[in-house]
Amino acid sequence: MTAPLPDSTSSAAASAAGATTVAIDLGDRRYDILIGSGLFDDASTWSGLPRAAVALIVTNDTVAPLYLERLKRQLAPHYKQVESVVLPDGEQHKNWASLDRVIDHLLAGAADRKTVLYALGGGVIGDLTGFAAAIYMRGVPFVQVPTTLLAQVDSSVGGKTAINHPRGKNMVGAFYQPVRVVADLDTLDTLPDRELSAGLAEIIKYGPIADEAFLAWIEANLDALLARDKSALAHAVKRSCEIKAWVVGQDERESGLRAILNFGHTFGHAIETGLGYGEWLHGEGVACGMVLASELSARLGLMPPAFVDRMTRVIERAGLPVVAPRMPIERWLDLMRVDKKNEGGEIRFVVIESLGKAGLRGAPDALVAEVIEAHTEPGQR
Ligand SMILES: NC(=O)c1ccc[n+]([C@@H]2O[C@H](COP(=O)([O-])OP(=O)(O)OC[C@H]3O[C@@H](n4cnc5c(N)ncnc54)[C@H](O)[C@@H]3O)[C@@H](O)[C@H]2O)c1
Ligand SMILES: O=C(O)C(=O)C[C@@H](O)[C@H](O)[C@H](O)COP(=O)(O)O
Ligand SMILES: [Zn+2]
């Protein structure tokens, strides 16, 4: 039985400093997601975390010049040594080589099994650092410090950690939860517009799968979000985290309900892998994937055609792609045949059953081909 989704005001607590805390409750463990402006430079943000001789910050060469020294300054009073590994930026570097750099750094230095890892960056850094934390000495604590909108609303929360394989996204990984998430909204000031839009894709996702009223709120506030209005962003991050915490709190390891968070991802991951990692951003693949998954929901008779138009419109307004890239249908199907949700050789898609409610369904290949055809430029195929 699925517990009802709590409304926004009852599940988040405002702290004295004006930041909001969303708790994620896993039964035997819980942790906090801190959301607000000015969190980075507020000493209380970094108190009460596991202490050790060494902290290791993992980041990339785009984020390091912006935020690494500030984080090091905050952590310095709490550890004997605060070290860093700066990886090359990009989805194509969410791989074994980058993971090896982190593990090698830990083994070569003074790190022990109490060492705390800090993931400073977007979802690529968060996923990779979390996986390193899961496997180094069979597990050390880690803190998520997400600096993209996408990471603040989705990837830093819920404990899916992974690296990519050339054959498929996130194919090597672990469920491993952080001890805290620190989402400082001020870090979004430096985010490129394209990345802001990519984050909006995962925010839009939460509406049709879990919260019809949130979808309406996004539609009404999209211009403010695109203009980076801080109070609109604060609400979008908070509500997204509440919804994700509600899902993950009931199904941490995706034995059922959690799969709804994969809306648009079967198609989206195929696009990312098929075109080559980094060509389309994850959020862009998910955006286009949601158009296709909405179309599939309609063609399965679950939703009216007007729902596809509604999703297409909000996604397009968010500056995201709604037309699929050209790939032969056999390539699409091959890519989707490795999806983690598949069972017994059947590709399973997250579909919308009614606004705010999603489920998992198979579909005949011919129908999937029609869905893709309907949303690919005629001249492209
Ligand atoms: N674990 C999960 O539940 C989950 C959920 C969603 C996505 N993901 C994964 O997350 C990844 C996508 O994350 P992403 O969209 O954050 O991409 P990303 O990590 O590549 O970051 C996007 C870009 O923004 C830059 N950047 C980061 N913070 C910045 C800042 N404050 N100012 C300026 N530039 C900044 C990065 O260097 C990068 O170039 C994918 O690998 C996806 O599979 C995981
Ligand atoms: O947290 C989840 O569960 C999700 O599915 C969130 C997705 O947005 C995210 O992209 C996730 O990494 C996809 O997981 P995967 O299991 O399909 O690789
Ligand atoms: Zn995603």
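Residues numbered from 1 in each chain as written. Chains lettered and ligands numbered in written order. Predicted model: local features only at pLDDT ≥ 70, side-chain atom pairs only at ≥ 80, totals over all residues. Heavy atoms only, no water.

Heads up, the condition is: UniProt positions are given in the numbering used here, feature names are shortened, and annotations may be inferred rather than shown by experiment.
The protein goes by 3-dehydroquinate synthase in an unreviewed UniProt entry, where it is assigned to Roseateles chitinivorans. Check the Sequence similarities (unreviewed entry) section of the UniProt entry for the protein; it says "Belongs to the sugar phosphate cyclases superfamily. Dehydroquinate synthase family." A UniProt comment under Catalytic activity (unreviewed entry) is attached to the protein, and it reads "7-phospho-2-dehydro-3-deoxy-D-arabino-heptonate = 3-dehydroquinate + phosphate".

Observations concerning the side chain of Gln144
The cut-off we apply is this: Runs of E in the DSSP output that reach at least two residues are strands. Runs of H or I that reach at least four are helices, and both are numbered from the N terminus. Here, residues are in contact when the closest pair of their heavy atoms is within 4.5 Å.
Along the chain, Gln144 falls in strand β7 (residues 142-146). Setting aside residues up to four positions removed in sequence, Gln144 forms contacts with Ala119, Gly126, Ser155, Ser156, Pro178, Arg180, Val181 and Val182.

Considering the nonpolar core
This is how it is decided: Side-chain atoms within 4.5 Å link the members of a nonpolar core, which is a set of buried Ala, Val, Leu, Ile, Met, Phe, Trp, Tyr and Cys residues. Relative accessibility under 20% of the residue-type maximum defines a buried residue, over 50% an exposed one, and the middle range a partly exposed one, all with a 1.4 Å probe and only protein chains included. Domain delimitation follows an automatic or database domain assignment.
Grouped together as the largest cluster of nonpolar side chains are 76 residues, with contacts concentrated most on Leu149, Ile209, Phe267, Ile315, Trp332, Met336 and Phe349. Counting residues per element, this core draws most heavily on helix α8 (residues 230-250), which supplies 10 residues. Of the domains in this structure, domain 1 (12-189) and domain 2 (193-380) are the two that each give at least three residues to this core. Not counting chain neighbours up to four residues away, the residues in contact with Trp332 comprise Phe267, Ala270, Ile271, Leu292, Ala324, Pro325, Met327 and Ile372. In terms of nonpolar packing, the next biggest core, distinct from the first, is built from 22 residues, Phe40, Trp46, Ile57 and Val145 among them.

Description of the UniProt feature "binding site: Zn(2+)" (unreviewed entry) in the protein
As annotated by UniProt and renumbered to match this structure, "binding site: Zn(2+)" (unreviewed entry) occupies Glu202, His265 and His282. The greatest C-alpha distance among the annotated residues, which extend across 81 residues, is 10.2 Å, indicating that they converge on a single site. Judged by its relative accessible area of 5%, His265 is buried. Beyond its immediate stretch of four places on either side in the chain, His265 contacts Glu202, Lys205, Ala270, His282 and Val286. Relative to the helices and strands, His282 is located in helix α10 (residues 282-299).

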